[in-house]
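These are the residues of each chain, in order.
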Amino acid sequence: MANTLNGNVPPGQLSDKWTQYKSTVSLVAPNNKRNIEIIVVGSGLAGASAAASLGELGYKVKCITFHDSPRRAHSIAAQGGINAAKNYRNDGDSIYRLFYDTIKGGDYRSREANVHRLAEVSVNIIDQAVAQGVPFAREYGGLLDNRSFGGVQVSRTFYARGQTGQQLLIGAYQSLSRQISLGNVELYNRHEMLDLVIVDGKARGIIARNLVTGKIERFAAHAVVLATGGYGNVFYLSTNAMNSNVTAAWKAVKRGALMANPSFTQIHPTCIPVSGEYQSKLTLMSESLRNDGRVWVPKKLEDAQAIREGRKTANDIPEADRDYYLERRYPAFGNLVPRDVASRAAKIECDKGNGVSPTGLAVFMDFASAIQRYGKSKAHTQGIHNPDEATIVKLGEEVIKEKYGNLFDIYVKITGDNPYKTPMKIYPAVHYTMGGLWVDYNLETNIPGLFAIGEANFSDHGANRLGASALMQGLADGYFVLPYTIGQFLSKDIRTPKIDPNQPAFDEAEENVRKQINNILNVKGSQSVESFHRRLGKIMWDYCGMSRSAEGLQKARTMLKELREEFYRDVYVPGSNDEYNPELEKVIRVADFFELGEVMIVDALNRNESCGGHFREEYQTEEGEALRNDADYTYVAAWEYKGWEEEPALHQEPLVFEAVELKTRSYK
């Protein structure tokens, strides 16, 4: 029988919970904040905003990042936008609608109270960012512009061309820099957390490796906040930055933190397709392109084959012979269905033989209709009432370039094709992870004093994340949630003196780190870390990727165990610990991916249903849609890791839906 978890959701009406909770949560007085230290691991949107906010409140903060600058955090790669329930378009949006869309988009596998709070604070994030000078796109009248993203029927996504993550991160970074200059935050760059220190049952510090010198260092504090992002790189090929990893979170798991819903990983439908074995990462084409790009494949198999063989191009296929399959299958949402739905639909078409790349794994995203529409509209505003085709195309391309220019430039540089003249080729790829460390309403893990925010936790997205919600959650947690909720824990620590890093718990944790490093360096095998990571990623993608089956998952678990044994027998890491050694950094991360990977497989095997990004082939409707099992699986699956030789233990947090009706998703 699985153990039952308590999410510590406060009582009261859903719409009033957060307001009431903020009014009654325990506080730490300003004079006491100066005596309390907090470690924030990570410097992306969640980490930078949290460190800056906690420093502004008066806490003494240590921000640990493995980057040379917080501006290199993977948050910078987010392109399309950030959601907020401002209803600037007067199209029916509201806090409740954002809450409902997020619950539905996650296929009813997230906690209601956390999602509603996210929707509430979303409106504040935009005001905060504007005050910081974030250059959001604006309409002709000066008001902030909005566009749509998948899974919704309103325009609520604020954006800065295709650079939204970068601009928001610069805003958070300047707030962080101010606190650093004031002495409230100490920034330790080029440091990687390699263990969590627990003293008397509470998280009181970390052990980190200086990535430049190799020195193992101790950091002590009254609380630890993990803002270390997601684990999509377990698949090797993903849209994540190459350095993104699970190590900090996984070290916490090995100290007793629970990993929740690890099999809930997101496949993004609009990535540049894989072109060869030489690739080490994939590039995302923003979901914002689906506002204007129409997704299609040839209706005739012979046309698809001709395109794959280079005998035809997309422009050779007449309109009548194109299958705009998302518009056909999901007329209510069309090309703006959620990511998991769009990804599976693309896979289905390619499996039928309709793929358009040499590998057969690509579909078209076409902007010809948008260019025509915008061109005619712009011509009309210029008083040209009977424009010729060349004028329409010229003016339409100008509008598209203004909206998406840098995204089109990225595509041209990578593929050599001009998407203004011929459709983009896209295919699904690993992008985001909805799973993460289990946290309660306070964003506190089951280890007292250990908090997880942003993509590092599981709390807000269920089995599928809607586009433009990652930036929203990261900044919501860092700016507007954690600064309140961490006080509930720290208010009991105002008499606790500064944590001493020279106590036995720190000695034991440091020795644990040194032992792991020495063991891995002493293998002295013949194969590179990269080769093992690539093989691990292929196992995970083939059997625990876009679709899963019990047979495939069981096979994958056996393959993964065999590969891990080979890894510890034959991996080669050049150099030593006492120097700058990127291969050593990498081997520790890949070792953690092996352990996480097995738990992901176990979680996918346990969940005998399809929901969101978790698609079990045995559980689908006649139309090929996900078939949930609400009677048996309406819960958060939080796994306790017990070591490589033992089965992980399942803990369940029941999900109760009071404000929304639990029903089958429909985007038709």
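None of these values were measured; they are calculated from a predicted model.

(A) Expanded view of the side chain of Arg322. As for its position among the elements, Arg322 is in strand E14 (residues 322-323). According to the relative accessible area criterion, Arg322 is buried, its value standing at 11%. For Arg322, the side chain forms a polar contact with the main-chain oxygen of Ile317, separated by 3.0 Å. There is a polar contact of 2.9 Å between the side chain of Arg322 and the side chain of Asp366.

(B) Representation of the packing of aromatic side chains. For the structure shown, the criterion picks out 24 aromatic pairs. Geometrically, the ring pair formed by Phe567 and Tyr568 is edge-to-face, given 5.0 Å between the ring centres and 85 degrees between the ring planes. By relative accessible area, which is 33% here, Tyr568 ends up partly exposed. A centroid spacing of 5.9 Å and a plane angle of 40 degrees characterise the contact between Tyr633 and Tyr635, whose relative ring orientation is tilted. With a relative accessible area of 11%, Tyr633 lands in the buried category. Directly above the aromatic system of Tyr159 lies the positively charged group of Arg147, at a separation of 3.6 Å from the ring centroid. The ring of Tyr324 is capped by Arg294, whose NZ or CZ atom sits 3.8 Å from the centre of that ring.

(C) Just the pattern of salt bridges, in detail. In total, this model carries 57 salt bridges according to the counting rule given. One salt bridge in this structure joins Arg109 and Asp630, with 2.9 Å as the shortest N-O distance. Of this pair, Arg109 sits in the loop between helix H4 (95-105) and helix H5 (112-131) while Asp630 sits in helix H18 (residues 630-633), placing them 521 residues apart in sequence.

(D) Spatial organisation of the sheet that holds strand E3 (residues 60-64). Sheet architecture is open: five strands sit in the order E6-E3-E2-E10-E18, paired in parallel fashion. The open sheet has two free edges, formed respectively by strand E6 (185-188) and strand E18 (450-452), since each of these has just one partner strand. The mean inter-strand angle of the sheet, taken between neighbouring strand axes irrespective of direction, is 20 degrees.

(E) Seen up close, the domain arrangement of the protein chain. When its domains are assigned, the protein chain resolves into domain 1 (268-430) and domain 2 (514-654). Once you take the C-alpha centre of each, domain 1 and domain 2 turn out to be 33 Å apart. Counting residues at the interface gives 13 residues for domain 1, matched by eleven residues for domain 2. Together, Glu277, Arg344 and Lys347 form the three largest contributors to the area buried by domain 1 at its contact with domain 2, with a combined 46%. Across the contact surface, domain 1 and domain 2 share one salt bridge. Arg329 is paired through a salt bridge with Glu625; the nearest N and O atoms lie 3.2 Å apart. Scanning the region where domain 1 abuts domain 2 turns up five residue pairs in polar contact (both at pLDDT 80 or more). At the level of elements, helix H10 (339-351) and strand E16 (424-433) are the ones that each hand at least two residues to the side of domain 1 that touches domain 2.

The rules behind these values
- All residue numbers refer to position in the chain's written sequence, counted from 1.
- Confidence filtering applies because this is a predicted model: local features only for residues at pLDDT of at least 70, side-chain atom pairs given and counted only at 80 or more, and all residues used for totals across whole chains, interfaces and linings.
- Side-chain calculation: all heavy atoms of the structure are included, whereas hydrogens and water are not.
- Working definition: helices are DSSP H or I runs of at least four residues, strands are E runs of at least two. Numbering for both runs from the N terminus.
- Categorising residues by exposure relies on relative accessible area from a 1.4 Å probe, with only protein chains included: less than 20% of the type maximum marks a residue as buried, more than 50% marks it as exposed, and the intermediate range marks it as partly exposed.
- We call two N or O atoms a polar contact when they sit within 3.5 Å, provided that within protein one can donate a hydrogen and the other can accept it, with sequence-adjacent residues counted only if both atoms are side-chain atoms.
- Pairing of aromatic rings covers Phe, Tyr and Trp, the last counted by its six-membered ring, and requires centre-to-centre distances within 6.5 Å; plane angles under 30 degrees mean stacked, over 60 mean edge-to-face, and any other angle means tilted.
- The rule is short: NZ of Lys or CZ of Arg within 6 Å of the ring centre and within 35 degrees of the ring normal puts a charge over the ring.
- Here a salt bridge means any side-chain nitrogen of Lys or Arg lying within 4 Å of a carboxyl oxygen belonging to Asp or Glu.
- Any two strands with at least two DSSP bridges between them are considered paired.
- For every element, the axis is a line fit to its C-alpha atoms; helices are fit only across the contacting stretch, and the angle between N-to-C directions ranges from 0 to 180 degrees.
- Residue ranges labeled as domains rest on an automatic or database domain assignment.
- Throughout, a contact is declared for two residues whenever any of their heavy atoms are within 4.5 Å.
- Defined in terms of a 1.4 Å probe, buried area is the accessible area two parts forfeit on being brought together, summed over both.

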